[in-house]
Amino acid sequence: MVTPFVIDIPERRIAAIRSKIAQYDWDSLPDVGGWSAGIGKDDLRRIVSYWQEAFDWRAVERRLNELPNFTTEIDRERIHFLHKRGNGTRPPLLLLHGWPGSYLEFDRLLDPLASAGHDVVVPSLPGFAFSSPITGIIGPRRTAALMHGLMQRLFGQTRYFVQGGDWGSGIASWMAMDQPQALLGFHMNMVSVFAEDAVPASLEEKDWFTRRAAILDWEQGYSHEQGTRPQTLGVAMADSPVGAAAWIVEKFGVWADLPRRADGSPDLWSRFSEEQLLTNIMLYVAPPAVVTASWIYRGQRLEGADRFPAGSRVETPMGCAAFRDPVFLPPPRSFAAKTYNIAHWTDMPRGGHFAAMEEPQLLLADLQAFIATVSLP
């Protein structure tokens, strides 16, 4: 059964969040100096001040409820999703977000894609936002099965396209691997899952691999923590909205394609507004989902879903919008081709990890170009 869904966070929950924000002791947080060792204190204070003085969750809630929200249960898991209906002349399209994003990353793609004829489905991943609570730790491969189950429930055996970034890209890859008969094609703005025996061979591939490893050595501490001890981290995030905000906003500052200030810190406000970032944060701390959203990292380890078995090849047509992600460097096309059947590849001139938020028009145009390259039955 598919049920219309109305967002209505209890007032006691909103009051508790406000109280904890007001009680945060800024004197207990030394300033190490800008963003040199994590989120900059001044930028965090700016967003928290806005949270206290100007952010109106009820107004945001009313706006979010104007979207076509639904819930359903797939294999005992509650799944929240948007379903923007087209006129049925084009195949259905599933859009998948990641961490620390949300389904709202795609809000500026809904109308143009539906106007082009697609039914557009944008779920909250299991454990995220209103797809909570969940029965336990769920990794990306099981999530792929749940997402396919959702599309079957909505469209039966009709074949569909998938687009994803961050976790959404890995989930899309596993959908293409495990359900190739269901997908017409899949489009990604991050390529992260490769066959285990895919190794860099050319100078370009070896240079990418070396640079990528050096960056991830500095930047993947969060992933190791969430993949090994998410519950311990969750104790702190569940208790501190300011702490959860810092954990999330740091990634927007480091992963997006942002100009740098004189001290090297990212200029968050050149791309994102306080309202935009806080709306995303509230989708973690209000339902609440900040703990269960981190479980997917642990789930990946339990599943071994960070790579395909040796010898694997994904034959479903793949498209890639290779944005200038400063942390998760896009691979050379030649390396991705060792695992994927690449039908479309674009090296993007700008935009980072949060492509649908940073450069929605570029992502939209590339997704539509990819769909146009794939022969429809």
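Where an unreviewed UniProt entry is consulted, the protein chain appears under the name Pimeloyl-ACP methyl ester carboxylesterase, with the organism given as Pseudoxanthobacter soli DSM 19599.

Visitor: Whenever I open this one, the overall build of the protein chain confuses me. Can you help?
Guide: Secondary structure assignment for the protein chain yields 15 helices and eleven strands. For 377 residues, the compact-globule estimate of 2.2 N^0.38 gives 21 Å, and the protein chain sits close to it at 20 Å. Per-residue burial over the protein chain gives 56% buried out of 377 residues. Considering only contacts in the protein chain between residues 6 or more positions apart, those separated by 24 or more positions represent 80%.

Visitor: Hey, could you run me through helix α10 (residues 241-255) in this one?
Guide: Two residues of an α-helix separated by three or four positions point the same way, owing to the 3.6 residues in each turn. If you check α10, its first and last C-alpha atoms are 21 Å apart, about what 15 residues at 1.5 Å a residue would give, namely 21 Å. Across the 15 residues that make up α10, a large majority, 13, are buried.

Visitor: In this structure, what is going on with the pattern of salt bridges? I would like to understand it.
Guide: Any two side chains of opposite charge can pair if their charged atoms end up close together. A complete count under the given rule lists 20 salt bridges for this structure. Arginine 261 is the partner of aspartate 43 in a salt bridge, and the nearest nitrogen-oxygen pair spans 2.9 Å. Residue aspartate 43 is located in helix α2 (residues 41-53), and its partner arginine 261 is located in the loop between α10 and α11 (274-285); the two are separated by 218 residues in the primary sequence. With relative accessibility at 8%, the residue aspartate 43 sits in the buried group. Since its relative accessible area comes to 30%, arginine 261 is described here as partly exposed. One salt bridge connects arginine 211 with aspartate 207, and the closest N-O pair in it is separated by 2.9 Å. Taken together, the residues span about one helical turn, with arginine 211 and aspartate 207 both in helix α7 (residues 203-219) at a distance of four residues. On the basis of relative accessibility, which here comes to 41%, the residue arginine 211 falls in the partly exposed class. Aspartate 207 gets classed as partly exposed once you look at its relative accessible area, which sits at 41%.

Visitor: Explain the packing of α2 against α10 to me, please; I cannot follow it from the model alone.
Guide: When two helices pack together, their arrangement is given by the angle between the helix axes and by the axis-to-axis distance. It is at 11 Å that the axes of α2 and α10 come closest, and there the two elements cross at 130 degrees. Considering the angle they form, α2 stands oblique to α10. Here the hand of the crossing between α2 and α10 comes out right-handed. Contact with α2, carried on its side by Leu44, Ile47, Val48 and Trp51, involves Pro241, Val242, Ala245, Ala246 and Val249 of α10 and no other residues of that element. Partitioned by chemical class, the residues of the contact of α2 with α10 number nine nonpolar, no polar and no charged.

Visitor: What's the story with the domain arrangement of the protein chain in this structure? I'm lost.
Guide: A common way to state how big an interface is: give the accessible area lost once the parts meet. Structurally, the protein chain comprises domain 1 (16-62 + 209-299) and domain 2 (68-202 + 303-373). Averaged C-alpha coordinates put domain 1 and domain 2 at centres separated by 24 Å. With 34 residues of domain 1 in contact, the opposing surface of domain 2 contributes 39 residues. For the pair domain 1 and domain 2, the summed buried surface comes to about 3200 Å²; carbon and sulfur atoms form 69% of the total. If you look at where domain 1 meets domain 2, you find two salt bridges.

Visitor: For this particular structure, what's the right way to read the sheet that holds strand β11 (residues 340-347)?
Guide: Remark on secondary structure: sheet strands pair via backbone hydrogen bonds, oriented parallel or antiparallel. Read across the sheet, nine strands follow the order β1-β2-β3-β5-β4-β6-β7-β10-β11 without closing on themselves; strand pairing throughout is mixed. Looking along the sheet, the strands with just one partner apiece sit at the ends: β1 (2-4) and β11. Strand after strand, the sheet turns through a mean of 25 degrees between neighbouring axes, direction not considered. For strand β6 (residues 160-164) and strand β7 (residues 183-188), the ladder comprises five bridges, and the chain directions are parallel. Bridge assignment links glutamine 163 to a residue of β7, and that residue is histidine 187. Packed onto the sheet, helix α6 (residues 167-178) meets β4 (93-96), β6, β7, β10 (314-322) and β11 and runs at close to 155 degrees relative to β7. Sheet contacts for helix α15 (residues 360-373): β4, β6, β7, β10 and β11; angle to β11, the most-contacted strand, approximately 145 degrees.

Visitor: Is there a simple way to think about the UniProt feature "domain: Epoxide hydrolase N-terminal" (unreviewed entry) in the protein chain in this case?
Guide: On the UniProt side, "domain: Epoxide hydrolase N-terminal" (unreviewed entry) is annotated at positions that read residues 2-106 here. Within residues 2-106, the helical portion is 32% and the strand portion 20%, while the C-alpha atoms at the span's ends are 21 Å from each other.

Visitor: Where do I start with the nonpolar core in this structure?
Guide: One finds Trp51, Trp57, Tyr103, Met175, Phe186 and Tyr340 to be the most contacted residues of the largest nonpolar core, which totals 128 residues. In terms of residue count, the dominant contributor to this core is α10 (nine residues). Two domains each provide a minimum of three residues to this core, namely domain 1 (16-62 + 209-299) and domain 2 (68-202 + 303-373). Setting aside anything within four residues of it in sequence, one finds methionine 175 in contact with Leu94, Leu96, Ala144, Met147, His148, Tyr160, Val162, Pro180 and Leu183.

Cut-offs applied
- Residues numbered from 1 in each chain as written.
- Predicted model: local features only at pLDDT ≥ 70, side-chain atom pairs only at ≥ 80, totals over all residues.
- Heavy atoms only, no water.
- Helix = DSSP H or I, 4+ residues; strand = E, 2+ residues; numbered from the N terminus.
- Rg over C-alpha atoms; globule rule 2.2 N^0.38 Å.
- Buried < 20%, exposed > 50% of the residue type's maximum accessible area, 1.4 Å probe, protein only.
- Contact = heavy atoms within 4.5 Å.
- Expected span 1.5 Å × (residues − 1).
- Salt bridge = Lys/Arg side-chain N within 4 Å of Asp/Glu carboxyl O.
- Axes fitted to C-alpha atoms, helices over the stretch in contact; angles between N-to-C directions.
- Parallel < 35°, antiparallel > 145°, perpendicular 65-115°, else oblique.
- Left-handed = near helix turned anticlockwise from the far one by under 90°.
- Nonpolar A, V, L, I, M, F, W, Y, C, P; charged D, E, K, R; others polar.
- Domains from an automatic or database assignment.
- Buried area = accessible area lost by both parts, 1.4 Å probe.
- Pairing = 2+ DSSP bridges.
- UniProt positions renumbered as here; feature names shortened; annotations may be inferred.
- Core = buried A, V, L, I, M, F, W, Y, C linked by side-chain atoms within 4.5 Å.

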